[in-house]
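Secondary and tertiary structure notes
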Amino acid sequence: MERRFAHGRIVLAKGDITLARVDAVVNAANSSLLGGGGVDGAIHQAGGPGILEACRVLGGCETGDAKITTGGDLYARYVIHTVGPVFKDGTQGEAELLASCYRRSMAVAREHGVVSMAFPAISCGVFGYPADLAGCIAVNTVGDILEAEVGIEQVQFVLFNDTVYGAFEEALSGAGDCT
Ligand code: ADP
């Protein structure tokens, strides 16, 4: 599934983000940037030790922010590490922090000349964000940027399971209210 905006498009894909043929892959990291499970573990495993080496000197990352490293052995030239919020009850600023992950990741990507990038479903794993809300925030935030800014031309969401894929599909096809 795909949707066009003024300056680029969003593409939904199922599968493993480490295989994405894009300039930059986004990692749903934890604030230490020193490795974890889920998509983080998969990216470090597929990309090799060069990524962790680059992360060690970054001094961690705040929730809602993003930092860039080499893509190591991945096809992608860069990995952009962002730290999503842990979902508690939706009243702790989770939505704004999640939107910030997408905005900051795209801003850092743009600074590095990235034209195509891939996001996982940030916070939708162990951080517990409901997929329908997270999908709505993700596609609206990215869509707004692709509507307003020249630079990044293609954003893929590479989604690992059918439930999350379905939620993002619904969000991309509808005019979402993210609450
Ligand atoms: P978070 O801590 O931000 O919740 P997780 O890594 O636990 O991060 O999960 C984020 C999402 O990434 C989940 O939907 C999970 O199913 C998905 N995921 C796990 N491995 C991969 C992978 N190799 N490629 C793409 N998505 C993945």
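Residues numbered from 1 in each chain as written. Predicted model: local features only at pLDDT ≥ 70, side-chain atom pairs only at ≥ 80, totals over all residues. Heavy atoms only, no water.

**What to know about the packing of helix H4 (residues 131-148) against helix H5 (residues 162-173)**
Heads up, the condition is: For helices, the axis comes from a line fit to the C-alpha atoms of the stretch in contact; other axes are also lines fit to C-alpha atoms, and the angle between any two N-to-C directions lies between 0 and 180 degrees. Numbering goes from the N terminus for both helices and strands, where a helix is a DSSP run of H or I of at least four residues and a strand is a run of E of at least two. Oblique is the label for any angle not covered by the other classes, which are roughly parallel (under 35 degrees), roughly antiparallel (over 145) and roughly perpendicular (65 to 115). A clockwise turn of the near helix away from the far one marks a right-handed crossing, whereas an anticlockwise turn of less than a right angle marks a left-handed crossing. Should any heavy atoms of two residues lie within 4.5 Å, those residues are counted as being in contact.
With their axes 8 Å apart at the nearest point, H4 and H5 run at an angle of 45° to one another. If you check the angle between H4 and H5, you find them oblique. Along this stretch, H4 crosses H5, giving a crossing that reads as right-handed. Listed contacts from H5 to Ala 131, Asp 132, Ala 134, Gly 135, Cys 136, Ala 138 and Val 139 of H4 are Val 164, Ala 167, Phe 168, Ala 171 and Leu 172.

**Description of the nonpolar core**
The following threshold applies: Nonpolar cores were defined as sets of buried Ala, Val, Leu, Ile, Met, Phe, Trp, Tyr and Cys residues, with membership established by side-chain atoms within 4.5 Å. Residue exposure (1.4 Å probe, protein chains only): buried if accessible area is under 20% of the type maximum, exposed if over 50%, otherwise partly exposed.
Counting 42 residues, the largest nonpolar core has Met 117, Phe 119, Phe 157 and Phe 168 as its most contacted members. If we ignore the near neighbours within four places in the chain, the residues touching Phe 168 are Leu 12, Tyr 102, Ala 121, Ala 131, Ala 134, Gly 135, Ala 138, Val 139, Phe 157 and Leu 159. Formed by 16 residues, the second largest nonpolar core is a distinct cluster that contains Ile 51, Cys 55, Leu 74 and Val 158.

**Digging into the state of the cysteines**
What counts here: Criterion for a disulfide: a pair of cysteine sulfur atoms within 2.5 Å.
Applying the stated rule across the entire model yields 0 disulfides. As a non-bridged cysteine, Cys 61 has Cys 101 as the owner of its nearest cysteine sulfur, 8.0 Å distant. Looking at the unpaired Cys 124, the closest cysteine sulfur is the one in Cys 101, lying at 11 Å. Accessibility expressed as a relative area gives 19% for Cys 124, which makes it buried.

**Some remarks on the packing of aromatic side chains**
Convention followed: Note on aromatic pairs: the rings of Phe, Tyr and Trp (six-membered ring only in Trp) are paired at centre separations within 6.5 Å, and the planes decide the class, stacked below 30 degrees, edge-to-face beyond 60, tilted for the rest.
Taken as a whole and judged by the stated rule, the model has 5 aromatic pairs. When the ring of Tyr 102 is compared with that of Phe 119, the centres are 4.7 Å apart and the planes differ by 55°; the resulting orientation is tilted. You can see Tyr 102 sitting in helix H3 (residues 94-111) and its partner Phe 119 sitting in strand S6 (residues 116-119), a full 17 residues away along the chain. By the burial criterion, Tyr 102 is buried, and Phe 119 matches it.

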